[in-house]
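Okay, here's what each chain looks like letter by letter:
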Amino acid sequence: MKSFIPLEAVQIERNFCDVAPAFSRAQAKVEADRCLYCYDAPCTRACPTHIDVPAFIKKISSDNVVGSARVIFDANPIGATCARVCPTSALCEGACVENTLLHKPIDIGRLQRFATDYAIDSRRPMFFSGEPNGKSVAIIGAGPAGYSCAVYLKRLGYAVTIYDRRELAGGLDTYGMAEYKMTQKVSVEETNLARGIGVEFRLGTEVTPELLVQLELDNDAIFLAVGLGQTTKLGVEGENAPGVFDALQWIEQVKTREWTGIPVGRTVAVIGAGNTAVDAATQAKRLGAERVVMVYRRGEAEMPAYDYEYELAKSDAVEFRWKSAPVGIVTDANGAVRSLKCVETLPTVPDEKGRVAYGMVEGSEFEIPCDMVIKALGQSKMTAFLSGIAGLQLDGSGRVKVDEGTMATGNPKYFAGGDCVNGGREAVDAAQMGKLGAMGIHQFISGEIVEFAGARLPFVEKLPHEIELPVPTPIAHPEASAAELGVKSYAAQG
Amino acid sequence: MADLTSNLAGISSPNPFWLASAPPTNMGSMIERAFDAGWGGAVWKTIGEPIRNVCSRLSSIDGSSTQRMIGLNNIELISDRPTEVNLREMAQCKRKYPKHALIASLMVESNREAWHDIVKRVEDTGADGVELNFGCPHGMSERGMGSAMGQVPEYAEMVTGWVKEACSLPVIVKLTPNVTSIIAPGRAAVRGGADALSLINTINSITGVDLDTLIPNSNVNGKAAHGGYCGPAVKPIALNMVSELARDEFTQVPISGIGGIKDWRDAVEFLLLGSTNVQVCTQVMHYGYRIVEDMIDGLNNYLDEKGFASVNDIVGLSVPRVTNWSDLDLNYHTVASINHDKCIQCNLCHIACEDGAHQCIPLVQIGDKRFPVVDETECVGCNLCSLVCPVPDCITMVSLEDRGAPMTWHEFTNGDALVQATTEDHGGISNGHAITSAPVGTPSEVVHGSAS
Ligand SMILES: Cc1cc2nc3c(=O)[nH]c(=O)nc-3n(C[C@H](O)[C@H](O)[C@H](O)COP(=O)(O)O)c2cc1C
Ligand code: SF4
Ligand code: SF4
């Protein structure tokens, strides 16, 4: 498809600058000083990797920024990535007590970015490898789950090699994040921290069944972090037209930042309303599309994207067609996209689990004129690859079944984590699974139990030491005066 | 990884961070949790004849809405637990934590037998040393104990002597800052045989008054008494007193620095000014034992960064940099320099200089903005503007090259008799009352001389 480039490259460059710009030192300090340094902090509880948030913020306050970054990376090896792409308003910042106190949570994400950027820019070591223990682990997939697992295993002294078919490490952190949230450079530099402690990367290497057999022979365990596969098919006429794109593949092109080579239509229809769909829609807008319409089969309330993503799309003037299902892509004689053909949908009566299906309304066809269609329909599972591994069990949706504590699969030598296990969630969830996987692998190989920072909630629910709970006294009659209740009023004694 | 092990007069600890004698060291189970959190040592809450406390006991002042309790005041007395219980737990705790420093803080009536008796009982617990509480400034002092001893050098010397007669453990004397000069009681304790000094205990204070009830803090059934002040607000007072003793040739014993230490930076300052280790109370009462983690981590990173192999290498490094006013260079001259690229035009420097200093930062129109500009010919280099500027590194003080050769007040006045420092020992038992004693080199005449 011919590119439509209405914007100057400088303007596009400006459109793609950081949505959440870096803090200066002064900003970071003022923000850090606002933190109440909560005990058993709700932010730490809300973080899937349980970073000790008040500890790292306090260290920014005391000008111990390197120490701060170590606290972060200790619990989350992709701390710099998460600082940018985590849905913080749904996690740590959503839980911050300052929401109630000041209606303004501590900007934890940006403080985390401040500390981790400082550490990476000043080239401070964040990890230290353990004494080599003579054991080796192969990790398939250099995304957040695989990378995290590699870091923790290396810290324990394992020889670790990560295989990935792509040329750069980082998986979706490198290839799939909206460019205005995070550039490839961040993810690549972050993964270099692991190179620094001797994790081996075999990039551009497809793990074929033959190679897998070899890896099984050469290693003491294998961690599967293969993620998900191709975007699911729409299954309608015109889907193969040149103006129809897969959201993830298209975003990958955006990430090259070669603005003039990126295909973008004058009017773009985006199918789907998840976070990836929003990423595609907003980036199409930022590249200069005049109109972007998101088409979703269900209603606004069911939109799967986070609220703040929806707000971002709205502020980029993206339009929405709710309760509309695509049924075909209309092309002209040259095969160019002319419009997206849709029908209106209506919710059915909820089933006993409360789920509502949407049925098509007969005779309600309509067309959205457009010259480009981006499909953001979710990804298929890596079923073909995974079903080749003996003993591995997949659930009904094609996800690898694991033990939640150790990430062990049905095959004792294999552990798994990340999107191939949870079906596609946040990078931070994958990082946590990598950590648990490393602990599980270590236990499997050595019999020893290790516990990394944030593997579990850092505070136990019970009180730290025995106290006698007071026996509740019956509530006094509300009309009784303070004097009758024996309460002395100092104010009255003047 | 620098070596953080520390040794105060023969008492070793895995790091220089000790808990001061106070509520965080009330009992064995607390100290054990503190050791688990990383504290290197603990001075047990002062033991003596059990007392009765009043309620309420604490009050404070805040720095800002987010920085509460920068100063804390208390009218709590010594331990209200039976001495046998304290000593039994002390023995258990020491057995469980042999590598940590465990010190018994003591305060009994001014009676030789009473001191001999308590010291013997402490020795039986296996504790590493004793600290004599000559500092508590409220309640106990009204009964002739605590600061009543620390304020009278003869007493301090006498009681320290009694303890030394009976005690084989290192004896630390904890001093009160409620004196005109810290030198006299410091020297007296050393004459009495003190193996180390610790300071400061709390400072007489009233933190405020309830504007509705008109009752000062903290309210004990409608009345209040002065208490002892501590927390971050007292650090500068403590630092000065530590440095005075570190400089004094007659008190060359190790110092345990106390007063307002909130993080590793404060601790490093105490070490640089002559403390061998530090003790902390208020910050732990505020945030819990966990704060020691960043103290250790930050100190370690600092030492690594600066290339010091051991924490002991920095003890006293800044002491030679402290001198008497009359030995400062009168010809040294700095002026403020404002970086206009960083300036946010808050104009705080302007108004501070205008109303609080020497009217040498006028506002000048540059392009479409009004910038503060330093008039270097008028600037006296006082630092005020750089202290109020909210932007880091925006105002710097630069030293002028074309100034005269260094010249001190001594040189300027040609050795005038008035400014001659006396080397006579003012802290002696003969004229020992604190009011009449002054530190070497700073008799009151000097102050008058320089101000005229
Ligand atoms: C509530 C309270 C009780 C204290 N009790 C004692 C005590 O029993 N013995 C003692 O030597 N010092 C006592 N102190 C003084 C502290 O040990 C310490 O010298 C002082 O608080 C200064 O240190 P900081 O600024 O770190 O708090 C007490 C302080 C507080 C706040
Ligand atoms: S009373 Fe509530 S708000 Fe106050 S310190 Fe306790 S937990 Fe926090
Ligand atoms: S909840 Fe907010 S205020 Fe509390 S520790 Fe976390 S970031 Fe700080």
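Remember, predicted model here, so these are calculated numbers, not experimental data.

1. Looking at the overall build of chain B
Part 1: Helix and strand counts for chain B stand at 14 helices and 18 strands.
Part 2: On C-alpha atoms alone, chain B measures out to a radius of gyration of 24 Å, which is about the 22 Å that the 2.2 N^0.38 rule sets for 452 residues.
Part 3: Taking the principal axes of its C-alpha atoms as reference, chain B extends roughly 75 × 55 × 50 Å.
Part 4: Taken across its 452 residues, chain B has 53% of its residues classed as buried.
Part 5: Considering only contacts within chain B whose residues lie at least 6 apart along the sequence, 72% involve residues at least 24 apart.
Part 6: When the accessible area of chain B is evaluated, it comes to approximately 19,900 Å², of which 53% is carbon and sulfur surface.
Part 7: Within chain B, the 52 negative side-chain charges are centred at a point lying 9 Å from the centre of the 31 positive side-chain charges.

2. With respect to the pairing of strand β17 (residues 369–372) of chain B
Residue and element names in this part refer to chain B.
Part 1: In this sheet, β17 lies alongside strand β16 (residues 363–366) in antiparallel orientation, the contact comprising 4 bridges. The partner of Gln 365 across the bridge, within β17, is Arg 370.
Part 2: Hairpin remark: β16 followed by β17, antiparallel, with 2 residues in the connecting loop; positive phi at Gly 367, about 65 degrees.

3. Some words on the pattern of salt bridges
All names here are of chain A.
Part 1: This structure, assessed with the given rule, holds 44 salt bridges over all chains.
Part 2: For Glu 252, the salt bridge goes to Arg 166, with nearest N and O atoms at 2.8 Å. Taken together, the positions of Glu 252 in helix α14 (residues 247–254) and Arg 166 in the loop between β2 (159–164) and α11 (172–175) put the pair 86 residues apart, joining distant regions of the chain.
Part 3: For Arg 166, a relative accessible area of 21% translates into the label partly exposed.
Part 4: Among the ionic contacts, a cluster of salt bridges with common partners joins Glu 13, Glu 179, Lys 255 and Arg 257.

4. So, the packing of aromatic side chains
Part 1: One pass over the full model with this rule turns up 16 aromatic pairs over all chains.
Part 2: Seen from their ring centres, Phe 320 of chain A and Trp 322 of chain A are 5.2 Å apart, and the 5 degrees between their planes marks the pair as stacked.
Part 3: Here a set of aromatic residues connected by ring pairs shows up, and it is made of Tyr 296, Tyr 310, Phe 320 and Trp 322 of chain A.
Part 4: A cation over an aromatic ring shows up here: Lys 58 of chain A above the ring of Tyr 287 of chain B, its NZ or CZ 4.9 Å from the ring centre.
Part 5: Directly above the ring of Tyr 310 of chain A sits Lys 314 of chain A, whose terminal nitrogen or CZ lies 4.1 Å from the centroid.

5. Things to note about the domain arrangement of chain A
Residues and elements named next belong to chain A.
Part 1: What the domain assignment lists for chain A is domain 1 (21–121), domain 2 (136–229 + 381–446) and domain 3 (244–375).
Part 2: A separation of 31 Å is found between the C-alpha centroids of domain 2 and domain 3.
Part 3: Taken together, the 14 residues of domain 2 in the interface contact 15 residues of domain 3.
Part 4: Of the roughly 1,200 Å² buried where domain 2 meets domain 3, counting both sides, 45% is carbon and sulfur surface.

6. Description of the site of ligand 1
All names here are of chain B.
Part 1: Around ligand 1 lies a shell of 24 residues, among which Ser 21, Lys 45, Thr 46, Gly 260 and Thr 282 are the nearest.
Part 2: Contact distances for ligand 1 include 3.2 Å between an oxygen atom and a backbone N or O atom of Ile 200.
Part 3: One of the backbone nitrogen or oxygen atoms of Cys 281 is found 2.9 Å away from an oxygen atom of ligand 1.
Part 4: For ligand 1, whose accessible area on its own is 620 Å², the fraction buried by protein is 98%.
Part 5: Where the shell around ligand 1 is concerned, the elements lending two or more residues are β4 (41–47), β6 (71–74) and α9 (282–287).
Part 6: Residue composition of the shell around ligand 1, by class: 11 nonpolar, 10 polar and 3 charged.

7. A few points about the sheet that holds strand β12 (residues 227–230) of chain B
Residues and elements named next belong to chain B.
Part 1: As summarised here, the arrangement of the 4 strands in space is β5-β6-β12-β11, forming an open sheet in which the pairing is antiparallel. Edge positions in the sheet fall to β5 (58–61) and β11 (203–205), since each has one partner strand and no second. Taking each pair of neighbouring strands and ignoring which way they run, the sheet shows an average axis angle of 35 degrees.
Part 2: Bridge analysis of β11 against β12 gives 3 bridges, and the strand direction is antiparallel. Each residue of the ladder has a partner; that of Ser 205, found in β12, is Gly 227.

8. Some thoughts on the confidence of the model for chain B
All names here are of chain B.
Part 1: For chain B, the mean per-residue pLDDT works out to 90, and 92% of the residues sit at or above 70.
Part 2: This model gives residues 417–452 a pLDDT under 50, and the stretch forms 52 contacts once residues within four places in sequence are excluded.
Part 3: Scored as a complex, the prediction yields pTM 0.82 and ipTM 0.72.

9. Things to note about the nonpolar core
Residues and elements named next belong to chain A.
Part 1: In this structure, Phe 56, Ile 57, Leu 111, Ile 139, Leu 153, Phe 223 and Leu 224 are the most contacted members of the largest nonpolar core, which totals 94 residues.
Part 2: Broken down by element, this core gets its largest block of residues, 9 residues, from helix α19 (residues 427–446).
Part 3: Residue assignment places this core across two domains, with domain 1 (21–121) and domain 2 (136–229 + 381–446) each supplying three or more.
Part 4: Each residue touching Phe 56, except ones within four places of it in the same chain, is listed here: Ile 51, Ser 68, Val 71, Ile 72, Ile 108, Leu 111 and Gln 112.

10. A closer look at the interface of chain A and chain B
How big an interface is tends to be stated in terms of the accessible area lost upon association of its parts.
Part 1: Every contact between the two is made by 21 residues of chain A and, on the other side, 22 residues of chain B.
Part 2: Surface buried jointly by chain A and chain B totals about 1,700 Å² across both partners, of which 45% is contributed by carbon and sulfur atoms.
Part 3: Summed over the shared surface of chain A and chain B, the number is 6 salt bridges.
Part 4: Measuring nitrogen to oxygen at the nearest pair gives 2.9 Å for the salt bridge that ties Lys 59 of chain A to Asp 297 of chain B.
Part 5: At the boundary of chain A and chain B, one finds 10 residue pairs in polar contact (both at pLDDT 80 or more).
Part 6: Elements with a minimum of two residues in the side of chain A that touches chain B: α2 (25–34), α4 (53–61) and α5 (65–75) of chain A.
Part 7: Here the element with the most residues in the side of chain A that touches chain B is α2 of chain A; it accounts for 4 residues.

Reading the values: rules and limits
Residues numbered from 1 in each chain as written. Chains lettered and ligands numbered in written order. Predicted model: local features only at pLDDT ≥ 70, side-chain atom pairs only at ≥ 80, totals over all residues. Heavy atoms only, no water. Helix = DSSP H or I, 4+ residues; strand = E, 2+ residues; numbered from the N terminus. Rg over C-alpha atoms; globule rule 2.2 N^0.38 Å. Buried < 20%, exposed > 50% of the residue type's maximum accessible area, 1.4 Å probe, protein only. Contact = heavy atoms within 4.5 Å. Areas by Shrake-Rupley, 256 points an atom, 1.4 Å probe, with all protein chains shown as cover. Lys, Arg positive; Asp, Glu negative; His and termini not counted. Charge placed at Lys NZ, Arg CZ, Asp CG, Glu CD. Pairing = 2+ DSSP bridges. Salt bridge = Lys/Arg side-chain N within 4 Å of Asp/Glu carboxyl O. Phe/Tyr/Trp six-rings, centres within 6.5 Å; stacked < 30°, edge-to-face > 60°. Lys NZ or Arg CZ within 6 Å of the ring centre and 35° of its normal. Domains from an automatic or database assignment. Buried area = accessible area lost by both parts, 1.4 Å probe. Near = heavy atom within 4 Å. Polar contact = N/O pair within 3.5 Å; in protein donor to acceptor, adjacent residues only side chain to side chain. Nonpolar A, V, L, I, M, F, W, Y, C, P; charged D, E, K, R; others polar. Axes fitted to C-alpha atoms, helices over the stretch in contact; angles between N-to-C directions. pLDDT = per-residue confidence, 0-100. Core = buried A, V, L, I, M, F, W, Y, C linked by side-chain atoms within 4.5 Å.

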